[in-house]
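Each chain, letter by letter, is given below.
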Amino acid sequence: IAPSAIPFNTTERIPHVLSIEEIKEQVRNFKEAARRSVKAGFDVVNLKGGILAWQSDGRAIVSGEAEKQLLEQEIEQRVRNIYDDVFGWYLAHVNVYGQNDTDHDKYYSKDYRQTISDVARVDAESEDIGFFDYDHWIQGQDWDKDLAMEIESVEILDVRHACAHIRITNCGTKSSVALAMVKEDGQWFIDDFVTSGLDNSSEKNDMKQYIKDRSKE
């Protein structure tokens, strides 16, 4: 078996290319083998030619092309599902402002939700406009029926972290955004919105700095 139909050399037979379902089965088999090894009393399990490798900081990275492709497809589908739901709401409420009945924060990571909560707390103590003067979902304050999202690429960082590069179309303007994705409780969530441009602004970092600055006042 192999991630492609290319043999190791010309004397070897053409390997069987694993399907997505077969890859998932292999992953399940590795997990079950690891559980049995732990139960048998082994302290260390070494995967020869396995799909995972380890960095010096202890984070698992994806080393196999088949596993990488599987993760990319999983993240792409998750991002599409998120934006289908979020933009579905906006397109059903064109020219309707001041709505606060959305539950889009369910797509945020735990840390991102906590950071937004901290910003709201700081804003409640101030009479200023507050941190959010635009909507990061639509990359603006207003939206129209041309609102759309397309995925440009997905970058796998490790088995729990990735970056989805997307392009938002809104009111005739296209904006590039990098979504920092993190896997929590078996699902992928948005951990940050990073706008592409001269400043490459990280919204979460900006929020944390905003909270820090306000705390000094």
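Quick caveat: nothing in here was measured; it's all calculated off a predicted structure. (Residues numbered from 1 in each chain as written. Predicted model: local features only at pLDDT ≥ 70, side-chain atom pairs only at ≥ 80, totals over all residues. Heavy atoms only, no water.)

S.K.: Residue-level account of the overall build of the protein, with values.
M.R.: Tallying secondary structure elements over the protein gives four helices and six strands in all. Secondary structure elements of the protein, listed N to C terminal, follow the sequence α-β-β-α-α-β-β-β-β-α. Considering the protein as a whole, with its 217 residues, one finds that 35% of them fall into the buried category. Pairs at least 24 apart in sequence give 53% of the contacts found in the protein among residues at least 6 apart. Accessible surface for the protein amounts to roughly 13,800 Å². Of this, 48% is attributable to carbon and sulfur atoms. (Helix = DSSP H or I, 4+ residues; strand = E, 2+ residues; numbered from the N terminus. Buried < 20%, exposed > 50% of the residue type's maximum accessible area, 1.4 Å probe, protein only. Contact = heavy atoms within 4.5 Å. Areas by Shrake-Rupley, 256 points an atom, 1.4 Å probe, with all protein chains shown as cover.)

S.K.: How would you summarise the nonpolar core if you had to cite specific residues and measurements?
M.R.: Counting 36 residues, the largest nonpolar core has Val79, Tyr83, Trp137 and Leu179 as its most contacted members. Going through the elements one at a time, α2 (65-92), α3 (110-124), β3 (148-158), β4 (161-170), β5 (173-184), β6 (187-195) and α4 (203-216) are the ones with two or more residues in this core. With nine residues, the single largest contributor to this core is α2. Trp137 has contacts with Ile82, Tyr83, Val86, Phe87, Tyr90, His104, Tyr107, Tyr108, Ile168, Ile190 and Phe193, leaving out every residue within four places of it along the chain. (Core = buried A, V, L, I, M, F, W, Y, C linked by side-chain atoms within 4.5 Å.)

S.K.: I'd like a rundown of unusual backbone geometry, residues and numbers included.
M.R.: Working note: non-glycine residues mostly have negative phi, and peptide bonds are mostly trans. With a phi angle near 55°, Gln139 is a residue other than glycine that sits in the positive phi range. Despite not being glycine, Cys171 shows a phi value in the positive range, around 55°. With respect to the helices and strands, Cys171 occurs in the loop between β4 and β5. We classify Cys171 as partly exposed; its relative accessible area is 42%.

S.K.: Requested: an account of the packing of aromatic side chains, with residues and values cited.
M.R.: Applying the stated criterion across every chain, the model contains 10 aromatic pairs. Consider the rings of Trp137 and Phe193, whose centres lie 5.4 Å apart with planes at 80°: the pair is edge-to-face. Here the residue Trp137 occupies a position in the loop between α3 and β3, and Phe193 occupies one in strand β6, the gap between them amounting to 56 residues. Phe193 carries the same exposure label as Trp137, and that label is buried. Across the ring face of Phe189, the terminal group of Arg78 is positioned such that the distance to the ring centre comes to 5.3 Å. (Phe/Tyr/Trp six-rings, centres within 6.5 Å; stacked < 30°, edge-to-face > 60°. Lys NZ or Arg CZ within 6 Å of the ring centre and 35° of its normal.)

S.K.: Tell me about the side chain of Ser202, and please be specific about residues and values.
M.R.: Relative to the helices and strands, Ser202 is located in the loop between β6 and α4. For Ser202, the side chain forms a polar contact with the main-chain nitrogen of Asn205, separated by 3.2 Å. The residues contacting Ser202, other than those within four sequence positions of it, are Asp192, Phe193 and Val194. (Polar contact = N/O pair within 3.5 Å; in protein donor to acceptor, adjacent residues only side chain to side chain.)

S.K.: Break down the pairing of β6 for me, with residues and values.
M.R.: In terms of burial, β6 is a largely internal element, seven of the nine residues being buried. The sheet contact formed by β5 and β6 spans eight bridges and is antiparallel. Within β6, the position partnered with Leu179 by the bridge is Phe193. The antiparallel pairing of β5 with β6 creates a hairpin that spans two residues between the two strands, and Asp185 there sits at a positive phi of about 55°. (Pairing = 2+ DSSP bridges.)

S.K.: Hey, could you go over the pattern of salt bridges for me, with residue numbers and the actual values?
M.R.: Scanning all chains against the criterion turns up 10 salt bridges. One salt bridge in this structure joins Glu32 and Arg35, with 3.0 Å as the shortest N-O distance. Remark: Arg35 and Glu32 occur in helix α1 (residues 20-40); sequence separation between them is three residues, near one turn of the helix. (Salt bridge = Lys/Arg side-chain N within 4 Å of Asp/Glu carboxyl O.)

S.K.: Can you lay out the packing of α3 against α4 for me, pointing to particular residues and giving the numbers?
M.R.: Where α3 contacts α4, the axes come no closer than 10 Å and their chain directions differ by 35°. Considering only the axes of α3 and α4, their crossing is left-handed. Only Glu203, Lys204, Met207, Lys208, Tyr210, Ile211 and Arg214 of α4 make contact with α3, whose side of the interface consists of Asp111, Tyr112, Thr115, Ile116, Asp118, Val119, Val122 and Asp123. Split into classes, the residues belonging to the contact of α3 with α4 amount to seven nonpolar, one polar and seven charged. (Axes fitted to C-alpha atoms, helices over the stretch in contact; angles between N-to-C directions. Left-handed = near helix turned anticlockwise from the far one by under 90°. Nonpolar A, V, L, I, M, F, W, Y, C, P; charged D, E, K, R; others polar.)

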